[in-house]
Amino acid sequence: MAHILIADDDEIAAQIASEALIDAGHACGWVTSGEDAWAFLHHRQPDVMLLDQIMPGMSGLTLLRKIRLSETLYDLPVIMFTTKTGAPDEEQAIFAGAQDYIRKPFDPHSLNYRIHRLIQKRGWRHRHKDLQTHLAESSGDERSPNSAVRRAV
């Protein structure tokens, strides 16, 4: 089971996606603005985020860029969830850091498959490791709490 946050100003699409994900065994909720999503992410970090590309106020792309620049949220898996259908829009989202791109209207089975696939790909990694710890561990820094474990193995 994954905890999934949907950020989408289209409440009908968010509700349909939420119901499909809950039926598949996930915990799911949604917010209707980029600002609300940003605030929520600092309160609780989901396992995956579905993010609408076009929202009033803070757009999904702006929020995605903020997430990728955050020391605590940089590795949050994000799937763009949008009505934008052009290849340049998809490329822009992937370049900004989205792991996947789902166009609305969507097939609930495909949504669940893609969420499952993303969770499986991430399964071997620690969840939401802050950037400083990740960099220290990656560099073999002696101050890293896990560096002694790696040396002993």
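As shown above, the structure is provided for reference.
Residues numbered from 1 in each chain as written. Predicted model: local features only at pLDDT ≥ 70, side-chain atom pairs only at ≥ 80, totals over all residues. Heavy atoms only, no water.

(A) Highlighting the environment of H26. Looking at where H26 falls in the secondary structure, it is placed in the loop between α1 (11-23) and β2 (27-31). Taking the relative accessible area as the measure of exposure, H26 reaches 14% and is therefore buried. Expressed as a C-alpha distance, the spacing of H26 and H3, which sit 23 residues apart in the sequence, is 6.1 Å. With residues near it in sequence (within four places) discarded, H26 still touches M1, A2, I4, L21, N112, I115 and I119. There is a polar contact of 3.0 Å between the side chain of H26 and the backbone nitrogen of A2. (Helix = DSSP H or I, 4+ residues; strand = E, 2+ residues; numbered from the N terminus. Buried < 20%, exposed > 50% of the residue type's maximum accessible area, 1.4 Å probe, protein only. Contact = heavy atoms within 4.5 Å. Polar contact = N/O pair within 3.5 Å; in protein donor to acceptor, adjacent residues only side chain to side chain.)

(B) Inspection of the environment of A20 at higher detail. Relative to the helices and strands, A20 is located in helix α1. Residues A20 and H109, 89 residues apart in the sequence, show an inter-C-alpha distance of 8.0 Å. Each residue touching A20, except ones within four places of it in the same chain, is listed here: P108 and N112.

(C) Examining the sheet that holds strand β5 (residues 100-103) more closely. One open sheet holds the five strands; their spatial order is β2-β1-β3-β4-β5, and the pairing between them is parallel. The sheet terminates laterally at β2 and β5, the two strands that pair on one side only. Strand-to-strand, the axes of this sheet are offset by a mean angle of 20 degrees, without reference to chain direction. By the bridge criterion, four bridges tie strand β1 (residues 3-7) to strand β3 (residues 48-51) in an arrangement that is parallel. Bridge pairing in β3 places L5 opposite M49. Docked against the sheet, α1 engages β1, β2, β3 and β4 (78-82), running at close to 170 degrees with respect to β2. Each of β4 and β5 is contacted by helix α4 (residues 87-96), which is oriented at about 145 degrees to β5, the strand it contacts most. (Pairing = 2+ DSSP bridges. Axes fitted to C-alpha atoms, helices over the stretch in contact; angles between N-to-C directions.)

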